[in-house]
Amino acid sequence: MHPQTVPDAIFHTRVRNDALGGPNPFEWKKLSTQDVFRGKRIVLFGVPGAFTPACSDDHLPGFEAHAEAFRALGVDQVVCLSVNDAFVMHQWALSRNIEKVMMLPDGNAEFTRKMGMLVERTSNGMGLRSWRYSMLVDDARIEKLFIEPDFKDNPSGVPLDMSSAERMLSHLQGL
């Protein structure tokens, strides 16, 4: 059973602070679920892992490509969540030229676990990861949740259809 509102969690992020100077002008910033979702309409998609083929080649680029279309339909922010740390999420965004999607690290898997989306990927040496899903959230209330089928530990792969950017866009367009 998945929650009707997004669960309380803390996200450990890194934010740029030019006053720090040097080659790494970033500092830690904890964001709460309320910081991310309160008073906003958010499209969030959860992925199994940064730099993995389907996530990197299709899922993340699809949401980046449609970010303006989502905004035109009343979405305040498009958010990519993965059970990876802030450093990995930052480098992944840089490697794919991501500028419109917020990269949200769930390094401790707190949010993913509380969403009921945490699965074992130990057969691939990936530890605990997020199942692939997307959701429309309005002021912390989950309006629509798209979950890929065959949710289970150690799948041979995780499909990318139900949680695609195109499916969410069609939902918002009422198609």
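Refer to the structure printed above.
Residues numbered from 1 in each chain as written. Predicted model: local features only at pLDDT ≥ 70, side-chain atom pairs only at ≥ 80, totals over all residues. Heavy atoms only, no water.

As a further point, take the sheet that holds strand β9 (residues 141–147). The strand order across the open sheet built from 5 strands is β5-β4-β3-β8-β9, with neighbouring strands paired in mixed fashion. This sheet does not close on itself; its edge strands, each paired only once, are β5 (101–105) and β9. Each strand of the sheet is rotated relative to its neighbour by a mean of 20°, with strand direction disregarded. Two elements, strand β4 (residues 77–82) and β5, share 5 bridges in a ladder whose sense is parallel. The residue bridging V78 from the neighbouring strand is V101, located in β5. Along the sheet, helix α2 (residues 53–65) makes contact with β3 (41–47), β4, β5 and β8 (133–138), crossing β3 at roughly 175°. Across the sheet, helix α4 (residues 86–95) lies against β3, β4 and β5, angled at about 155° from β5, the strand it touches most. (Pairing = 2+ DSSP bridges. Helix = DSSP H or I, 4+ residues; strand = E, 2+ residues; numbered from the N terminus. Axes fitted to C-alpha atoms, helices over the stretch in contact; angles between N-to-C directions. Contact = heavy atoms within 4.5 Å.)

Its volume calculated, the largest pocket comes out at about 320 Å³. Listing elements by their share of the lining of the largest pocket, those giving two or more residues are β1 (10–16), β2 (26–32), α4 and β5. Taken together, the residues of the lining of the largest pocket sort by class into 11 nonpolar, 3 polar and 4 charged. (1 Å grid on protein atoms, 1.4 Å probe; cavity = no way out; pocket = protein on both sides within 12 Å on 5 of 7 lines; lining within 4 Å. Points joined across faces, edges and corners; volume = space filled by probe spheres on them. Nonpolar A, V, L, I, M, F, W, Y, C, P; charged D, E, K, R; others polar.)

What follows deals with α4. Where α4 is concerned, the buried positions are A86, M89, W92 and A93. All buried residues of α4 lie within an arc of 125° about the axis, which places them on one face of the element. If you follow the buried residues of α4, they end up packed against β1, β2, β3, α2, β4 and β5. With a side-chain oxygen positioned 2.9 Å from the backbone nitrogen of F87, the residue opening α4 is D85. Positive phi appears at N97, one or two residues downstream of α4, with a value of about 55°. (Buried < 20%, exposed > 50% of the residue type's maximum accessible area, 1.4 Å probe, protein only. Arc of directions from axis to C-beta. Polar contact = N/O pair within 3.5 Å; in protein donor to acceptor, adjacent residues only side chain to side chain.)

Attention now goes to the nonpolar core. Within soluble globular proteins, side chains that are nonpolar tend to cluster in buried spots. Counting residues in each nonpolar core, the largest one holds 23 residues, and the members touching the most others are F63, F70, C80, W92, V101 and M103. When residues in this core are grouped by element, the largest group, 4 residues, is from helix α6 (residues 165–172). (Core = buried A, V, L, I, M, F, W, Y, C linked by side-chain atoms within 4.5 Å.)

Before going further, it helps to examine the pattern of salt bridges. In total, this model carries 6 salt bridges according to the counting rule given. A salt bridge links R41 to E143, with the nearest nitrogen and oxygen atoms 3.1 Å apart. Linking R41 in strand β3 with E143 in strand β9, this pair joins segments that are 102 residues apart in sequence. Overall, R41 belongs to the partly exposed group, its relative accessible area being 22%. Owing to a relative accessible area of 32%, E143 belongs among the partly exposed residues under this scheme. E68 is the partner of R71 in a salt bridge, and the nearest nitrogen-oxygen pair spans 3.6 Å. Linking R71 with E68, this pair stays in helix α3 (residues 67–72), spanning 3 residues, or about one helical turn. (Salt bridge = Lys/Arg side-chain N within 4 Å of Asp/Glu carboxyl O.)

Within the secondary structure, G62 sits in helix α2. Spatially, the C-alpha atom of G62 lies 26 Å from that of R16, the residues being 46 residues apart in sequence.

What α6 keeps buried is the set A165, M168, L169 and L172. One side of α6 carries all its buried residues, which in axial view fall inside an arc of 100°. Check the buried side of α6 and you find it contacts β3, α2, α3, β8 and β9. Once α6 finishes, G174 follows within two positions and takes phi at roughly 70°, a positive value.

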